[in-house]
Amino acid sequence: MPRLAILSAGGDCPGINAVIRAVVRTANQQGWEVVGIRNGYRGAVENDYTVLGPNEIAGLLPRGGTMLGTDNRYDPASFPVEEDGRIVRKDMSAQVMANLEKLGVEGLIAIGGDGTMAVTRGLAERVGLKAICVPKTIDNDLPSTDQTFGFDTAVRTATDALDKLHTTAESHHRVMVLEVMGRYAGWIALYTGIAGGADVILIPEIPWDPDVVAQTILERRARGRMFSIVVVAEGALTPEGERVVQRTVPDSHEQVRLGGIGQVVGELIEEKTGIETRVTVLGHIQRGGSPSPYDRLLATQLGAYAAQLALEGKYGQLVALRQGKIQAVPLDQVETGIRTVPVDGPEVMAARAIGISFGDR
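Note that the coordinates shown come from a computational prediction; the quantities given were computed from them, not determined experimentally. (Residues numbered from 1 in each chain as written. Predicted model: local features only at pLDDT ≥ 70, side-chain atom pairs only at ≥ 80, totals over all residues. Heavy atoms only, no water.)

What follows covers the pairing of strand β15 (residues 325-330). Bridging between strand β14 (residues 317-322) and β15 involves 6 bridges; their strand directions are antiparallel. Residue pairing in the sheet places L321 in a bridge with I326 of β15. In this structure, the hairpin formed by β14 and β15 is closed by a connection of 2 residues, where Q323 is found at a positive phi of approximately 50°. (Pairing = 2+ DSSP bridges. Helix = DSSP H or I, 4+ residues; strand = E, 2+ residues; numbered from the N terminus.)

Here it is as structure tokens:
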């Protein structure tokens, strides 16, 4: 049997298992076997794999996370190896290719975000890896696709939390601040804030003034609305233009871990309004749980399309959602950087039209 390999790298995300399932089923339909590489590119170096067939993928569709495990700290080009009792970094790219060749693998499907795509492109350039990338992130910030699977589920989770905070805020006449994920883009905060009826949304793309936020809350009080809901993206800047960093992880692709801006916002609101303010940091619960129907559908489409491209030998592609269609984008043409929220986009304009403040006026 000809073989494909598949791995997931970077952060976990609802919908990865749906991609894996779609790849395996599409390949099996045409007489191909699929090898699952465990724990991202670490498993590719260490030859840690499992053969995936109908039994192995049974029941995967509603499962969150990734059955193959994932890791965001290992790049074969700079892989930690122990020598003489100390850890040194070595280029293990050739080892990845040797392992895949021993397994009889024709090509690799890599599920991941910007870091995974960069590693995959590097392997293709250095050692000729034949690969197709499937983009994934709950943050929805990859520039070459209109939406990533996992985002819809994360927004649903955050909106559900906001609904619950809404009732307790109203009961106690408090201000509730909800900090959500999103890295350096405000998509999760924006969609959650609109869907959950927030009064203020603070995102990285729009500088905000604490006096404007306080005025918004006090004006609501003057109208008899004794509580307010504020949603803040983890990457939102402080009034001084700085990001709040929780910690750094030196050996990770994404070394900076954001977190703490919600507390900054809450303290400023309480100081300027005198209203009791509580802060909730939603955290990794946004990554977990069963993927939404939309994410299952999108992940399945991307996985099936990626497998079909691989079966046809059309490697060096990213599969992406563009203008409502699943399309292939050459990896060497994939845009780098972050897809941020357009400040004059339809979502921001709609939010402003219904009276949501972004703290800028």
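The rest of the description comes next.
Another point: the state of the cysteines. As enumerated under the stated definition, the model contains 0 disulfides in all. Of all cysteine sulfurs in the structure, the one in C133 sits closest to C13, which takes part in no disulfide; the separation is 15 Å. By relative accessible area, C13 is classed as buried at 0%. Judged by its relative accessible area of 1%, C133 falls in the buried class. (Disulfide = S-S within 2.5 Å. Buried < 20%, exposed > 50% of the residue type's maximum accessible area, 1.4 Å probe, protein only.)

Ordered in space as β3-β2-β1-β6-β7-β14-β15, the 7 strands form an open sheet in which the pairing is mixed. In this open sheet, the two edge strands, each paired with only one partner strand, are β3 (49-52) and β15. Here the strands of the sheet are splayed against their neighbours by 30° on average, with no regard to which way each runs. Strand direction decides the pairing type here: strand β2 (residues 33-37) and β3, joined by 4 bridges, are antiparallel. Note on β3: the bridge partner recorded for V34 is L52. (Axes fitted to C-alpha atoms, helices over the stretch in contact; angles between N-to-C directions.)

Looking now at the nonpolar core. With 65 residues, the main nonpolar core has I6, I20, I109, V134 and F149 as its most contacted residues. One finds L7, Y41, F79 and A320 within the second-largest nonpolar core, a separate group that totals 28 residues. (Core = buried A, V, L, I, M, F, W, Y, C linked by side-chain atoms within 4.5 Å.)

All right, on to the layout of surface pockets then. As a volume, the largest pocket reaches approximately 920 Å³. Of all the elements in the fold, those that place two or more residues in the lining of the largest pocket are α4 (114-127), β8 (175-180), β11 (245-248) and β12 (256-258). Ranked by residue count, the leading element in the lining of the largest pocket is α4, at 5 residues. Residues of the lining of the largest pocket, tallied by class, amount to 14 nonpolar, 17 polar and 16 charged. A198, D199, V212, Q215, T216, E219, R220, R223, I354, G355, I356 and R361 together form the lining of the second largest pocket. Residues that form the lining of the second largest pocket fall into these classes: 4 nonpolar, 3 polar and 5 charged. (1 Å grid on protein atoms, 1.4 Å probe; cavity = no way out; pocket = protein on both sides within 12 Å on 5 of 7 lines; lining within 4 Å. Points joined across faces, edges and corners; volume = space filled by probe spheres on them. Nonpolar A, V, L, I, M, F, W, Y, C, P; charged D, E, K, R; others polar.)

Let us now look at the sheet that holds strand β9 (residues 200-202). Spatially, β9-β10-β8-β13 is the arrangement adopted by the 4 strands of the open sheet, whose pairing is parallel. Two strands bound the open sheet, and with one partner strand each, they are β9 and β13 (277-281). Taken over all neighbouring pairs, the strand axes of this sheet differ in orientation by 15° on average, direction set aside. By the bridge criterion, 5 bridges tie β8 to β13 in an arrangement that is parallel. What sits directly across from V177, in β13, is V279.

In this section: the packing of aromatic side chains. Here the structure, examined in full by the defined rule, presents 3 aromatic pairs. With 5.1 Å between their ring centres and 75° between their planes, F151 and Y191 make a pair best called edge-to-face. Placement of F151 in helix α5 (residues 151-172) and of Y191 in helix α6 (residues 187-195) is noted, with a sequence separation of 40 residues between them. Judged by its relative accessible area of 29%, Y191 is partly exposed. (Phe/Tyr/Trp six-rings, centres within 6.5 Å; stacked < 30°, edge-to-face > 60°.)

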